Amino acid sequence: MKDINVLVINCGSSSLKFQLINSKSEEVIAKGLCERIGIEGSKMTYAPAGGAKQETETPMKDHTQAVELVLHALTDAKTGVVKSLDEIGAVGHRIVHGGEDFASSTLITDEVMKAIEKCNDLAPLHNPANLIGIRACMELMPETPMVAVFDTAFHQTMPEEAYLYGIPYHYYEDYKVRRYGFHGTSHSYVSKRAAKLLDQKYEDLKIIVCHLGNGASISAVKNGKCVDTSMGLTPLEGLIMGTRSGDLDPAIIEFLCNKEGKSVNEILSVLNKESGVLGLSGGFSSDFRDLEKAYHAGDAAAVRTMKAFAYRVAKYIGAYTAAMNGVDVICFTAGIGENNPLTRTMVASYLGYLGIELDEEANAKRGEDVLISIPSSRTKVFVIPTNEELAIARETVALI
Ligand code: ADP
């Protein structure tokens, strides 16, 4: 195994998350976050392993300046973790949309940059920010190899019948309107981890991964390949999420435009930002910690919201079990999947037909890989904490 430090960069439109990971020990050497880039009140949070977390309010007019500050913090004589930039062997960039061009991670070249740019209209909020992050790093570390790891790549193995929508075929040919799926790095990492934990070959298993965070998606992984996933052309489709609606009748959009006198854009903003569990709970909360508390207190809004969320997950599990003609293992991951036993119990209550029974003591554990189904359960159920940064670091090292 190579022994280098990999800087993992995840750029949002006004944020930049980073981790410096050693490829041999796989330990996080330092991590942090730049927020409100280009907006008043920019702030950097920096935490070296074993050291105190620092928060600095400092102007960042753009992502280049944010990357500069990150590199400065990492090499700082007092609080830094490396002596110079030479000790950063590679940079791994998380890229949201790779379209049909990228079925795997790739070393970044000029052609790759152009191809990523071509996908901008498929992810107008994310891809431009990702490209800015790459350019900023290239400017400051021109000799360091950089790798692009795509959220969509893992799902590129889906068969046509899973990725095509029932609309005129020429929309696919003309505009590439199809299902792409997201959270691919997480689905890949967690499904592989499940095979390891079972001590079985990845290629022999039928796995369903439920990535339940603020954004939530579910995938079916058969014989080591993704065969379906719930997010679509954009991350709006599929499960009910923190603030996103997930699946709905497309005619609802025009109906609401007429009723509310709003434009399509305005209704889409409602579907992205004011819907999901936040909307269903009548604006109460998008956070499952609040919802769970209210659920236990018998609050009707929290009860209907959590029930609807769990039901949608269970429905997808049923669909993907059919798609794979069976399922050997179901994995829960991300904020809710890892930390909310009640949601897991509610989902599992639909899965008796798979011979699933949860071990409630194991289901109460947190923060580790844990088998939460009883030993005799025909289909195994795991909680597996996801680690997208580590997955990106591994992909990066494999390519340089
Ligand atoms: P994303 O990365 O998509 O922003 P996360 O994977 O961080 O989302 O998940 C965020 C959600 O996880 C929160 O909104 C919250 O509902 C849930 N969550 C996080 N920690 C806990 C916890 N300790 N108990 C219950 N739910 C939690």
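In case you missed it, the structure is sitting above this.
Caption draft 1: Quick look at the overall build of the protein chain. Counting its regular elements, the protein chain contains 15 helices and 14 strands. Taking 2.2 N^0.38 as the reference for a compact globule, 400 residues should give roughly 21 Å; the C-alpha atoms of the protein chain span a radius of gyration of 21 Å, in line with that estimate. For the C-alpha atoms alone, the extent of the protein chain along its principal axes is close to 60 × 55 × 45 Å. By the burial criterion, 50% of the 400 residues in the protein chain qualify as buried. Partitioning the intrachain contacts of the protein chain with sequence separation of at least 6 by distance along the chain shows that 60% fall at a separation of at least 24. Per element, the accessible surface of the protein chain, about 18,600 Å² overall, is 51% carbon and sulfur. Taken together, the 40 basic and 51 acidic charged side chains of the protein chain have centroids lying 3 Å from each other.

Caption draft 2: Structural detail: empty space enclosed by the protein. In total, this model carries one cavity of 30 Å³ or more according to the counting rule given. What the largest cavity holds in volume is close to 40 Å³. Along the walls of the largest cavity sit M1, V6, I21, N22, S23, E26, L390, A393, R394 and V397, which together make up its complete lining. If you list the elements that add at least two residues to the lining of the largest cavity, you get β2 (16-22) and α15 (388-399). Sort the elements by how many residues they give to the lining of the largest cavity and α15 lands first, with four residues. Taken together, the residues of the lining of the largest cavity sort by class into six nonpolar, two polar and two charged.

Caption draft 3: Up close: the sheet that holds strand β13 (residues 370-371). The mixed open sheet is built from six strands, whose spatial order is β11-β10-β9-β12-β14-β13. Looking at the sheet topology across the chains shown, the edges are occupied by β11 (225-229) and β13. Bridging between strand β9 (residues 206-212) and strand β10 (residues 216-222) involves seven bridges; their strand directions are antiparallel. What sits directly across from I207, in β10, is V221. Contacting β9, β10, β11 and β12 (329-333), helix α11 (residues 300-324) crosses the sheet at an angle of about 155 degrees to β9.

Caption draft 4: Seen up close, the packing of aromatic side chains. Scanning the entire structure with this criterion turns up eight aromatic pairs. On the basis of an interplanar angle of 65 degrees and a centroid distance of 5.6 Å, the ring pair of Y316 and Y320 is categorised as edge-to-face. Pair noted here: Y316 and Y320 are both in helix α11, with a separation of four residues, about one helical turn. An identical accessibility class is assigned to Y316 and Y320; each is buried. Among the aromatic residues, those joined into a cluster by ring pairs are Y163, Y169 and Y172. The ring of Y172 has K176 sitting right over it, with the charged end atom 4.8 Å from the ring centre.

Caption draft 5: Just the environment of F332, in detail. Checked against the element boundaries, F332 lands in strand β12. Owing to a relative accessible area of 2%, F332 belongs among the buried residues under this scheme. Spatially, the C-alpha atom of F332 lies 28 Å from that of A49, the residues being 283 residues apart in sequence. Leaving out residues up to four positions away in the same chain, F332 has contacts with C210, L212, G337, R344, V347, I372, V381, F382, V383 and I384.

What counts, and at which threshold
- Residues numbered from 1 in each chain as written.
- Predicted model: local features only at pLDDT ≥ 70, side-chain atom pairs only at ≥ 80, totals over all residues.
- Heavy atoms only, no water.
- Helix = DSSP H or I, 4+ residues; strand = E, 2+ residues; numbered from the N terminus.
- Rg over C-alpha atoms; globule rule 2.2 N^0.38 Å.
- Buried < 20%, exposed > 50% of the residue type's maximum accessible area, 1.4 Å probe, protein only.
- Contact = heavy atoms within 4.5 Å.
- Areas by Shrake-Rupley, 256 points an atom, 1.4 Å probe, with all protein chains shown as cover.
- Lys, Arg positive; Asp, Glu negative; His and termini not counted.
- Charge placed at Lys NZ, Arg CZ, Asp CG, Glu CD.
- 1 Å grid on protein atoms, 1.4 Å probe; cavity = no way out; pocket = protein on both sides within 12 Å on 5 of 7 lines; lining within 4 Å.
- Points joined across faces, edges and corners; volume = space filled by probe spheres on them.
- Nonpolar A, V, L, I, M, F, W, Y, C, P; charged D, E, K, R; others polar.
- Pairing = 2+ DSSP bridges.
- Axes fitted to C-alpha atoms, helices over the stretch in contact; angles between N-to-C directions.
- Phe/Tyr/Trp six-rings, centres within 6.5 Å; stacked < 30°, edge-to-face > 60°.
- Lys NZ or Arg CZ within 6 Å of the ring centre and 35° of its normal.

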